[in-house]
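Geometric and topological summary
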Amino acid sequence: MSNQEGYPFEQIEAKWQKFWEEKEIFNLISDKNLISDKNLTLDKKKPKYYCLEMFPYPSGKIHMGHVRNYAIGDVIARFKRMSGYEVLHPMGWDAFGLPAENAALEKRIHPAKWTGQNIEYMKSQLKKLGLSYDWTREIATCSPDYYKWNQWLFLKFYEKGLAYKKQAEVNWCEKCQTVLANEQVEAGLCWRCSTVVKSKKLDQWFFKITAYADRLLEEQKLLKNWPERVLSMQINWIGKSFGTEIDFRVADTDEIIKVFTTRADTIFGASYVVLAPQYPLVEKLIKNTQQIEQLKQVGQDSGLKPQIEKEGIFTGQYAINPVNNEKIPIWIANYVLMEYGTGAIMAVPAHDQRDFEFADKYGLPKQLVIQSPTEELSIQTMTCAFEDEGLLVNSGQFDNIPSKKAIEAISSWMEKEKIGRKTVNYRLKDWLVSRQRYWGTPIPIIYCPDCGKVPVPYSDLPVRLPENVDIQKGQTLAEVPEFINTTCPECGHKAKRETDTMDTFVDSSWYFARYISPRQENNPVDINEANYWLPVDQYIGGIEHAILHLLYARFFTKVMADLGLLSCKEPFSNLLTQGMVIKDGAKMSKSKGNVVDPNKIITKYGADTVRLFILFASPPEKDLEWSDQGIEGSWRFLNRVYRIVSQYAKECGVVGLEFGIRGLELVDEDRKLHAFTHKTIKKVTTDIETEFHFNTAIASIMELVNEIYKYPLRANDNSSIFVLKEALEVVVLLLSPMAPHLCEELWEILGRQASTRQASIFDQPWLKYDQEAIKEEEAIIIIQVNGKVRGKITVPIDFQDEEVKNLALAEIKDKIKDKQVKKIISVPKKLVNIVVRDLEI
C-alpha cells in the first residue's frame, strides 16, 4: 500500500507531536522543582486523576505488548482530562537489572551506556505513538538521583527492624550467578532465564514483609476494583492458615522436630515424619556421605518441577508421636518444602494423597483414623487417601467425634498436655533482596571490625556504583577494591562496604510515588503532593506481576505510610490487567518467529491506525489476536473519517455546537441523525467510563460514521448543516482519545480550534448527550401482570417484540417467582401484559 492512497499521516502526526511538546499540553507543573517555560500551574480545585501504566525495562525496542498497555492508559488519561480532571500521566524506566549486564557481555559495552541508548530510542518510539506523557517527570531507576532514595528507604527499613541480614538456604541461579526471592522461582526455574534453581547457603539481606502479612490480607478490602484473580493469587501466596504446631522428639535425643498441621484431627494416624532437604536437622540425622550426596540430588528436585516423581531417603532415625508415644521413621523427601510451615510434616497416608503415594512407593505403614459416613473404609482396600470429613476412629478418647470438631478438641488437649500449640502459619517468607550482581542499587551498609554493621550516614548518600567495572570479566562489586575499601563512619577505622546490590523489584516498589515530586531533594516524596495525588487512580499492567511487583508495591506503601511519607494505605485504587498480544495462536516472541514490529506498522499506516486496531480488536482484559486484515480495516476507517470531514468542512462552515439545536426546524432525516449522534455520545461515554470497553465504543463511532455517509445534506439549509456539522464534530471528539493526531487535525480543519480559542482538542470538555434527543429513540414500556401495573422499562424504539418481552420478564421476575407464565400479550412501544397462573398479589 502506498501512503499516497490515504490521508497524509506522516505530516499530521509529526505536526501534532511537535505541537504537544512545544506547548507542553500534557505537562503538570505542581512540583516547584520542575521547570517550564510556559508558567503552567496545577488547579487543585479540580478533581485529580493519576493514570499510570507499569514502566518498561529499557531492553532496546518497544513491542506490541507495550503498545497495547500504553494505548489503553493513554485513552483513559485523555478521556479524564477532557472530563474535567487534573490528570497526572508520567513515564519512566525500570532500568537496573540483569539483562543490561548480559547485553554488556554480548555487545562489549558498559551497562550504563547500553541502558542510556535504549532509553533514548524507546522514548522516541513512545513519542511517535502520540502518548500524552508528562515527560518533565521522567525517572530512570539507574540514576543516582533515584537510587539514592532506594538506599534512604533501606536505612529506614533497617532502623525499624524491617531489613536484616542472616545466613539462609537461598534459591541460586547458576546461569545468572545470583540469588532469587521465592517469588522469582517459577515451577523451580529462574523467572528470568528458566534455568533450574538450586539451593545454596549464603549470608543475605532480607526485608521483613512477613511483619505486614496480616495487613496485606486485611486491607485487600480496600481493593474493590482489583481483579479477583489477582487478589486470590496474593491470598494464596501469603497463605495464612490456622493450625497446630506439634512437637515430635527425635528418639533417644533431646532434638525436637516442630511440625505444623491444619489437620490435628489426623495426628493419631501419623505413621512417619518427613523433612524438607534443607531442614536444619538433616545434617545431624544423616552422617553417611553417600546419603548426603543423594540428599543434594533430592534437594535439587525439591518442589521445583510440577508433578515430579516423589523421592525420599530414610534417615535411619525415628521420632516419637507425642499423642501415643509410637516410634515412627523420619524421612527426607522432595515433596516437602522448607518454604511452607516449618519444613517438616507429619505424614498421614490414609488421609493425605501425597503421603499415600509416598507410603505406597516406599512400603510405609498407613493408619485409618477418620471413617467415612457413607461407606465402610478399610486400609486393606483403600486405593487412595480419604480426605473428606467423617468420624474419628483409632484415636483414643477422641473416637466418634466429627473430624471438624476434633481439630479444635485435639489442639486444645495438646496445648494442655504441652505437646503442641495452636498457631497461625504463613506461606509468605521474608523478601530476600540481596543480589550478587553489579547493575543494581548498592546496599548502604559498612562492615567495621570494631563496630560491626554500620549504616551509611544519610548525608553520604547515594553510595554510587563505580563505573570502572570490567563487565567482560564478569566483575561484581566484590571485585572492585576502590569501592569495597572505606572507613567506618563511627570510629574512622578501615572498613569494607557491602558488595551485594538490591533486587530490582525494590526500584519498582515505590516509583509511582517518586513521579509526584521527581526533583524533590529532601525526601523520597513531597508529602503534600503525595496527599493530593495518591493513591494511583488507575494502574495498568500484566497479570504476571500479581505476586511480585504488586505485592511488593503494597508492602512498600504500608511501610512508607508508617514512616509518615504517605497517607494512603494502598498504592493503586483500580487495577486493569490487560491481556497479551498473540499471533498465530501464541504469544509474540522472537523464538516463535511471530513478532510484529510496531515501527514497521507505524511507518506504513501511522500511529493512529496502530492505536485504533489495538483498542478495537479486543476488550482490554482479554488476549488480542493480531490481524493484518484488522490493521487494514482500521486504516480504511480512519481514511473514511478524514474524507467525510474534509469534504464537508468548508460546506458546513463554523456552526458552534454551543448554540444548540433549539429553534431549528428539523425534518425526519435531521431528527434521525441528531438522535443517533447523541445516542452515540451516551454509548461511547458509558463504554469508556465504566468498563474501558474501547472496542464497543469504537464500533459505535463507526456506526455513526456510516449514518453520516448516508445523510442527505440540504445545501443552504441551516438545520441540515447544523445536524451534519454536529455529527462530524462529535465523531472527531469521541474518536480523539483513540486517534489523537488525526482528530487534532480534523478539529483544526473544522475550524473549531480557532472558534473555541483552545490550543488543543484535548482542552475541550467531554461531550454530554441531549436527553431530549435520545427520548425520541426510546419508548417507555408499561409492564402488567394479569392486567395490573407492576413496573416499567425504557427500551430503544427499534427493539423487536421478543426482546421487549424478555426484558419485561427479567424486570419483574421476583414478582412472578414460582408461578407459571401462561402467555404474554404486548402492545408495541406501549405495554407488555404477562398472564400467570395462581399469582398472589
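Up top you'll find the structure we're talking about.
Keep in mind it's a predicted model, so treat the numbers as computed, not measured. (Residues numbered from 1 in each chain as written. Predicted model: local features only at pLDDT ≥ 70, side-chain atom pairs only at ≥ 80, totals over all residues. Heavy atoms only, no water.)

1. Notes on the overall build of the protein
- The number of helices and strands found in the protein is 25 helices and 32 strands.
- In terms of principal-axis extent, the alpha carbons of the protein reach across some 105 × 85 × 50 Å.
- In the protein, which comprises 841 residues, the share counted as buried stands at 55%.
- Here the contacts in the protein between residues at least 6 apart in sequence split such that 72% fall between residues at least 24 apart. (Helix = DSSP H or I, 4+ residues; strand = E, 2+ residues; numbered from the N terminus. Buried < 20%, exposed > 50% of the residue type's maximum accessible area, 1.4 Å probe, protein only. Contact = heavy atoms within 4.5 Å.)

2. A few points about the packing of helix α3 (residues 98-107) against helix α4 (residues 111-128)
- Viewed as axis vectors pointing N to C, α3 and α4 meet at an angle of 105°, and their least axial separation amounts to 8 Å. Judged on the interaxial angle alone, α4 and α3 are roughly perpendicular. Contact with α3, carried on its side by P99, A100, E101, A103, A104 and K107, involves P111, W114 and T115 of α4 and no other residues of that element.
- Its residues assigned to classes, the contact of α3 with α4 comprises six nonpolar, one polar and two charged. (Axes fitted to C-alpha atoms, helices over the stretch in contact; angles between N-to-C directions. Parallel < 35°, antiparallel > 145°, perpendicular 65-115°, else oblique. Nonpolar A, V, L, I, M, F, W, Y, C, P; charged D, E, K, R; others polar.)

3. A short note on the packing of aromatic side chains
- Following the criterion strictly, the structure yields 51 aromatic pairs and no others.
- Their ring planes at 65° and their centres at 5.9 Å tell us that Y158 and W205 sit as a pair that is edge-to-face. With Y158 in helix α5 (residues 144-159) and W205 in strand β7 (residues 198-207), the pair connects residues that are 47 residues apart, well separated along the chain.
- The class for Y158 is partly exposed, based on a relative accessible area of 23%.
- Since its relative accessible area comes to 0%, W205 is described here as buried.
- On the numbers, 6.4 Å between centres and 65° between planes, the contact of W431 with F555 is edge-to-face. With W431 in strand β17 (residues 431-432) and F555 in helix α15 (residues 549-562), this residue pair connects regions lying 124 residues apart in the sequence. (Phe/Tyr/Trp six-rings, centres within 6.5 Å; stacked < 30°, edge-to-face > 60°.)

4. Description of the pattern of salt bridges
- What the rule picks out here adds up to 39 salt bridges.
- In this structure, K558 and E219 form a salt bridge, with 2.5 Å as the shortest nitrogen-oxygen distance. Of the two residues, K558 sits in helix α15 while E219 sits in the loop between α6 (213-218) and α7 (228-238), which places them 339 residues apart along the sequence. Both residues of the pair, K558 and E219, count as buried.
- E311 is the salt-bridge partner of K361, the closest N and O atoms lying 3.4 Å from each other. (Salt bridge = Lys/Arg side-chain N within 4 Å of Asp/Glu carboxyl O.)

5. Side note on the sheet that holds β17
- What the four strands build is an open sheet, ordered β4-β3-β7-β17; its pairing is antiparallel. Bordering the open sheet on either side are β4 (178-180) and β17, each of which pairs with just one other strand.
- Pairing of strand β3 (residues 163-173) with β4 involves three bridges; the strand directions are antiparallel. Its bridge partner lying in β4, W172 is registered against V179.
- Sitting on the sheet, α5 touches β3 and β7, and the angle it makes with β7 is about 90°. (Pairing = 2+ DSSP bridges.)

6. Structural notes on the side chain of E101
- Note on placement: E101 falls in helix α3.
- Residue class for E101 comes out buried when judged on its relative accessible area of 4%.
- Reaching out from E101, the side chain makes a polar contact with the backbone nitrogen of Y438 at a distance of 3.0 Å.
- Not counting residues within four places of it along the chain, the set of residues in contact with E101 comprises P111, R437, Y438, W439 and I471. (Polar contact = N/O pair within 3.5 Å; in protein donor to acceptor, adjacent residues only side chain to side chain.)

7. Brief notes about the state of the cysteines
- Enumeration over the complete set of coordinates arrives at zero disulfides.
- Not part of a disulfide, C51 finds its nearest cysteine sulfur in C568, a span of 17 Å.
- The exposure class of C51 is buried, given its relative accessible area of 0%.
- Free of any disulfide, C190 has its nearest cysteine sulfur in C193, 3.8 Å distant.
- Accessibility expressed as a relative area gives 2% for C190, which makes it buried. (Disulfide = S-S within 2.5 Å.)

8. Focus: the pairing of strand β12 (residues 327-333)
- Within β12, six of the seven residues are buried, which leaves it mostly tucked inside the rest of the structure.
- Note that strand β10 (residues 272-275) and β12 share three bridges and pair parallel. Directly across from V274, in β12, lies its bridge partner W331.
- Direction of pairing for strand β11 (residues 312-320) relative to β12: antiparallel, over a ladder of six bridges. Directly across from I320, in β12, lies its bridge partner K327.
- Counting the residues that bridge the hairpin from β11 to β12 gives six residues, and of these N325 lies at a positive phi of roughly 60°.

9. A word on the sheet that holds strand β29 (residues 778-785)
- Here we have four strands laid out as an open sheet, ordered β30-β29-β32-β31, and mixed in their pairing. Each edge of the open sheet is held by one strand with a lone partner, namely β30 (788-796) and β31 (820-827). Each neighbouring strand pair of the sheet contributes to a mean axis angle of 20°, computed without reference to strand direction.
- Sheet topology note: the β29/β30 ladder contains eight bridges and is antiparallel. Its bridge partner being in β30, Q784 is matched across the sheet by V789.
- Strand contacts of helix α25 (residues 801-811): β29, β30, β31 and β32 (831-837), with the helix running at about 130° to β30, the strand carrying the most contacts.

10. Looking at unusual backbone geometry
- Residue P462 is reached from L461 by a cis peptide bond, and omega for that bond is 5°.
- Mapped onto the elements, P462 comes out in the loop between β20 (452-455) and α12 (481-484).
- Cis rather than trans, the peptide bond between L534 and P535 has omega equal to 5°.
- Following the sequence through the fold, P535 ends up in the loop between α14 (527-533) and β24 (538-541).
- The phi dihedral of D584 is positive, around 55°, even though this residue is not glycine.
- Locating D584 in the fold gives a position in the loop between β26 (581-583) and β27 (586-587).

What is shown is where atoms sit, not what they do.
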